[in-house]
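Here are the chains, one letter per residue:
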Amino acid sequence: MAEHEQHGAQTHEQEHPSPAKYILIATYLTLITIFEVAIYYVEVLRPAFLWIFLALSALKFYYVAMFYMHLKFDAQIFKSLFIFGLVLATFIMFALLLLFAIII
Amino acid sequence: MTTNTTAHESHLATTTGLDHRKLLMWLFLASECLFFGSLIATFLLYKDASVVGPQPHEILNIPVTSTSTFVLLTSSLAMVLALAAVQRSDVVAARFWIFATAFLGATFLGFQVYEFYEFVIHGLTPKTNVFGASFFTLTGFHGAHVTVGVIWLMSLFFYSFRHGLPAEKSLDVELAGLYWHFVDIVWVVIFTVVYLIGTLPPEV
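Just so you know, these numbers come straight off a predicted model, no measurement behind them. Residue positions are counted from 1 within each chain, in the order its sequence is given. Labels are handed out in written order, letters beginning with A for the chains and numbers beginning with 1 for the ligands. With the structure being a predicted model, the display of local features is reserved for residues of pLDDT at least 70 and the display and counting of side-chain atom pairs for 80 or more, all residues being used for whole-chain, interface and lining totals.

Points about the overall build of chain B
For chain B, the helix and strand inventory stands at six helices and one strand. Element order for chain B, N to C, with α for helix and β for strand: β-α-α-α-α-α-α. Referenced to the eigenvectors of the C-alpha coordinate spread, the extents of chain B come out at roughly 60 × 35 × 30 Å. For chain B, buried positions account for 45% of its 204 residues. Note on contacts: residues are paired as contacts if their backbone-placed C-beta atoms lie within 7 Å. Sequence separation of 24 or more characterises 83% of the internal contacts of chain B that already satisfy a separation of 6 or more. For the purposes of this entry, the term helix denotes a DSSP run of H or I that reaches at least four residues, the term strand denotes a run of E that reaches at least two, and both are numbered from the N terminus. Exposure in this text rests on C-beta crowding, where 20 or more other C-beta atoms within 10 Å of a residue's own make it buried, 12 or fewer make it exposed, and counts in between make it partly exposed. The C-beta atoms are placed from the backbone.

Examining the domain arrangement of chain A
The split of the chain into domains comes from an automatic or database domain assignment. Each assigned domain of chain A is listed here: domain 1 (17-72) and domain 2 (74-104). With centres defined by C-alpha atoms, the gap from domain 1 of chain A to domain 2 of chain A works out at 20 Å.

Quick word on the interface of chain B and chain A
The interface is formed by 47 residues belonging to chain B together with 51 residues belonging to chain A. Every element with two or more residues in the side of chain B that touches chain A is listed here: strand 1 (2-4), helix 1 (20-46), helix 3 (62-87) and helix 6 (170-197) of chain B. If one sorts the elements of the side of chain B that touches chain A by residue count, helix 1 of chain B sits on top with 13 residues. Each residue is assigned to one of three groups, with Ala, Val, Leu, Ile, Met, Phe, Trp, Tyr, Cys and Pro labelled nonpolar, Asp, Glu, Lys and Arg labelled charged, and all others, Gly among them, labelled polar. Its residues assigned to classes, the side of chain B that touches chain A comprises 28 nonpolar, 17 polar and two charged.

Some remarks on unusual backbone geometry
Backbone geometry at H70(A) places phi at a positive 65°, although glycine is not the residue there. Within the fold, H70(A) resides in the loop between helix 3 (49-68) and helix 4 (76-99). Here the phi dihedral of S89(B) falls at roughly 60°; this positive angle occurs in a residue that is not glycine. One can find S89(B) in the loop between helix 3 and helix 4 (91-121).

Details of the environment of I185(B)
Within the secondary structure, I185(B) is located in helix 6. For the pair I185(B) and T69(B), spaced 116 residues apart in sequence, the C-alpha separation works out to 10 Å. Apart from the residues within four sequence positions on either side, I185(B) is in contact with F61(A), V64(A) and A65(A).

Regarding the packing of helix 2 (residues 19-40) of chain A against helix 3 of chain A
Angle between the axes and distance between the axes are the two parameters that describe a pair of packed helices. Residue and element names in this part refer to chain A. Contact geometry of helix 2 with helix 3 gives a least axis separation of 10 Å together with a crossing angle of 165°. With respect to their mutual orientation, helix 2 and helix 3 come out roughly antiparallel. Classified by chirality, the crossing of helix 3 by helix 2 is left-handed. Contacts between helix 2 and helix 3 involve I25, Y28, L29, I32, F35, E36 and I39 from the former and I52, F53, L56, L59, K60, Y63, F67 and Y68 from the latter. Geometry is summarised by axes, namely lines fitted to C-alpha atoms with helices restricted to the contacting stretch, and by angles between N-to-C directions that run from 0 to 180 degrees. Convention used here: angles under 35 degrees read as roughly parallel, angles over 145 as roughly antiparallel, angles from 65 to 115 as roughly perpendicular, and any remaining angle as oblique. Left-handed is the label given to a crossing in which the near helix is rotated counterclockwise from the far helix by less than a right angle, and right-handed is the label when the rotation is clockwise.

Remarks on the nonpolar core
For this analysis, nonpolar core means a set of buried Ala, Val, Leu, Ile, Met, Phe, Trp, Tyr and Cys residues linked through C-beta atoms within 7 Å. Formed by 77 residues in total, the largest nonpolar core has its most connected members in L29(B), I40(B), V80(B), L81(B), A82(B) and V194(B). Sort the elements by how many residues they give to this core and helix 6 of chain B lands first, with 18 residues. Residues from two domains meet in this core; each of domain 1 (17-72) and domain 2 (74-104) of chain A gives at least three. In this structure, L29(B) is in contact with F82(A), G85(A), L178(B) and F182(B), ignoring residues within four places of it in sequence.

Structure follows, in structure tokens:
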């Protein structure tokens, strides 16, 4: 019984979005990309470019991973596995950049 | 807003209750995060360390790459529409969207070949400087992943003519989709880090 409940928690999945929702997400992704490229040519924003681009990239990443890859709807274990890899990769990137004094 | 279901995966007789192929795919994608994370970090280490040019801001073409980014993002839409079609047993639509995904992927590769050709013409090869070496390694490995994805999708396309694409086999398409979307989000990061942030002058 307990084992069954545990499996139920691990494999809990929701229905995937409709094609209309997918098209809406694609519209968001396109608009974000257009916005990114547009502000690239706005000189006055140059000091804030790094953080603006990182934020917009993270937003696009979120939309694709959560909706197109169905992490928002699939079993929690898939999300945990992927986030673990992502966090580890981010840690390695920062460690390398710190090691070679690219960032302080 | 929700129509398609993956409920069939919720009651599999496996030790986890999940399809182990899907679990393995997510493990693989997690490991791929480390692979591309290391390549991106290497690019950031070397992009401004070249003794001779060309430097990133002198050669990277934002308008062309923005277009190829749009093409790859559109291919992700085609991929989820293919999966949705398979889940509602619409083989003709599934076939169309799988082929569209592969076609858009091949178009992205065409843009990459054009970009590499232009760079070589303008004197940037993997041997020119450390920027060139790290740039071609990173984007080349990404391109190789896209190529594998296109081959995978085309094999699904031809497979569908012989065996169909029944809803109970939707996981076959979903696995290809997970791989394809991962390749897409890696490009989202590469586009930002290499092309947008990478072309900022070093003092910023």
